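Architecture and fold: a report
Chain residues, written in single-letter form:
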Amino acid sequence: MTFKRKLLLAVLPFACSVAMPVSALDIKFAEIHPAGYPTVVAEQNMGKKLEQASNGDITFKMFAGGVLGSEKEVIEQAQIGAVQMTRVSLGIVGPVVPDVNVFNMPFVFRDHDHMRKVIDGEIGQEILDKITNSDFNLVALAWMDGGSRSLYTKKPVRSLEDLKGMKIRVQGNPLFIDMMNAMGGNGIAMDTGEIFSALQTGVIDGAENNPPTLLEHNHYQSAKYFTLTNHLILPEPVVMSKTTWNKLTPEQQALVKKVAREAQMEERVLWDAKTASSEEKLKAAGVEFITVDKKPFYDATAPVREKYGAQYADLMKRIDAVQ
Ligand code: BDP
């Protein structure tokens, strides 16, 4: 075979794929939570709507349970378009898009309802836009509700003093390390998937999260004390790779936005039910729920809000004003 002919054969498949009209766009959606988790269910329903409304031009496949990697790894894949969509905690977005850290500050929201009102309104959209307009190569579409995060530990924490020196896992964001250290603990960053064995082997003494994660990621098997500090209320953006977004027609883009927003509203209903059932299951499994005075935790973290929040003073006032 002549060299020219070989070359032709080699480039032919690529030439064909460029020339052929793109009939279907396949969306791989990455989730670290397992099947049946509120975010996963709402996202799958979103996917079904996308497939139906696009007459099959868009296909959607959920990869739950962290099979495509940790949130950090998946975000990197989404940035290059290898994964088309994902949902991540805002905690891990903070180090890359610092402006989102205003929502990542301890006790920035009065309570869970306050957070929901903020994300549903113009401030929520502004923070999504910060992600979209950053160099992150992602389009942030909507918010999932990740509830309120509290401490869970192998030994009970009944006061701020009890936390002293305990090694507590936090998400990989310097703000959270500072937060944990300000509360007297020793903040250690690691990926979600590493927490279970780190608890078992004693690498950490505890972690902090919401009841569904404490249950579904089996952390309760080692951490039997759940101290209701509610120190973080982190919403979770649903994002699409900009590489994928740019392949969509304007109509398809509008559709994606619409169904993502619908998923935002649907997920919170599932969330509330899942939180209630998780609490019951955790209690039945012997987890002690400890109510504490939150004021010492709030006061201890004031320097963190000052350090990270100074630049968002106006925005924090606006967040505060949301009723
Ligand atoms: C869960 C969030 C998930 C986080 C996880 C964690 O839903 O996105 O990655 O916490 O702390 O509540 O790693």
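All values reported here derive from a predicted model rather than from experimental measurement.

Cut-offs used in this document
Residues numbered from 1 in each chain as written. Predicted model: local features only at pLDDT ≥ 70, side-chain atom pairs only at ≥ 80, totals over all residues. Heavy atoms only, no water. Core = buried A, V, L, I, M, F, W, Y, C linked by side-chain atoms within 4.5 Å. Buried < 20%, exposed > 50% of the residue type's maximum accessible area, 1.4 Å probe, protein only. Helix = DSSP H or I, 4+ residues; strand = E, 2+ residues; numbered from the N terminus. Pairing = 2+ DSSP bridges. Axes fitted to C-alpha atoms, helices over the stretch in contact; angles between N-to-C directions. Contact = heavy atoms within 4.5 Å. Salt bridge = Lys/Arg side-chain N within 4 Å of Asp/Glu carboxyl O. Expected span 1.5 Å × (residues − 1). Right-handed = clockwise from strand over helix to strand, strands pointing away. Near = heavy atom within 4 Å. Polar contact = N/O pair within 3.5 Å; in protein donor to acceptor, adjacent residues only side chain to side chain. Nonpolar A, V, L, I, M, F, W, Y, C, P; charged D, E, K, R; others polar. Parallel < 35°, antiparallel > 145°, perpendicular 65-115°, else oblique. Left-handed = near helix turned anticlockwise from the far one by under 90°.

1. Description of the nonpolar core
F103, L163 and I319 are the most contacted members of the largest nonpolar core, which totals 51 residues. Of all hydrophobic cores here, the second largest spans 27 residues; its members include L50, I58, M62 and W271.

2. What to know about unusual backbone geometry
Here the phi dihedral of N137 falls at roughly 60°; this positive angle occurs in a residue that is not glycine. With respect to the helices and strands, N137 occurs in the loop between α6 (122–132) and β4 (138–144). Notably, N230 is not glycine yet its phi reads approximately 45°, a positive angle. Residue class for N230 comes out partly exposed when judged on its relative accessible area of 25%.

3. A closer look at the sheet that holds strand β10 (residues 236–241)
In spatial order, the strands read β2-β1-β3-β10-β4; together these 5 strands make up an open sheet with mixed pairing. Every other strand in the sheet has two partners, leaving β2 (58–63) and β4 as the edge strands with one partner each. Across this sheet, the average inter-strand angle for adjacent strands is 20°, counted without regard to direction. Across 6 bridges, strand β1 (residues 25–30) lies against β2 in parallel orientation. Residue pairing for β2: K28 is matched across the bridge by K61. Against the sheet, helix α11 (residues 250–284) contacts β2, β4 and β10, and its axis sits at roughly 25° relative to β4.

4. Concerning the pattern of salt bridges
A complete count under the given rule lists 17 salt bridges for this structure. For R116, the salt bridge is made with D145, and the minimal N-O distance between the two is 2.5 Å. Within this pair, whereas R116 is found in helix α5 (residues 112–120), its partner D145 is found in the loop between β4 and β5 (149–153), the two being separated by 29 residues in sequence. A salt bridge links E208 to R149; its shortest N-O distance comes to 3.0 Å. Of this pair, E208 sits in strand β8 (residues 206–209) while R149 sits in strand β5, placing them 59 residues apart in sequence. The pair formed by E208 and R149 is uniform in burial state, with each residue classed as buried. What emerges from the salt-bridge pattern is a single network uniting E31, E43, E71, R87 and E236.

5. Concerning α11
Here α11 is 35 residues long and its end C-alpha atoms lie 50 Å apart, about the 51 Å a rise of 1.5 Å per residue gives. Just beyond α11, the residue with positive phi is G286, at close to 95°.

6. Quick word on the pairing of strand β7 (residues 186–189)
Pairing of strand β6 (residues 167–170) with β7 involves 4 bridges; the strand directions are parallel. Bridging from a neighbouring strand, R169 pairs with I188 of β7. The handedness of the β6 to β7 crossover, carried by helix α7 (residues 174–182), is right-handed.

7. As for the environment of G69
Following the sequence through the fold, G69 ends up in the loop between β2 and α3 (71–80). You can call G69 buried: its relative accessible area is 16%. Contact partners of G69, with chain neighbours within four places excluded, come to I32 and V74.

8. Focus: the site of the ligand
Taken together, 13 residues lie near the ligand, and H33, E71, R149, N209 and E236 sit nearest. Take H33: an N or O atom from its side chain is 2.7 Å from an oxygen atom of the ligand. A distance of 2.7 Å is found between an oxygen atom of the ligand and a side-chain nitrogen or oxygen belonging to R169. In the shell around the ligand, the residues fall into 1 nonpolar, 7 polar and 5 charged.

9. Digging into the packing of α7 against helix α13 (residues 302–309)
Direction vectors running N to C along α7 and α13 enclose 155°, while the axes themselves pass 9 Å from each other. Considering the angle they form, α7 stands roughly antiparallel to α13. Both α7 and α13 take part in a crossing whose hand is right-handed. Every residue of α13 that contacts α7 at P174, L175, D178, M179 and A182 is listed here: V304, K307 and Y308. A breakdown of the residues in the contact of α7 with α13 according to their chemical character gives 6 nonpolar, no polar and 2 charged.

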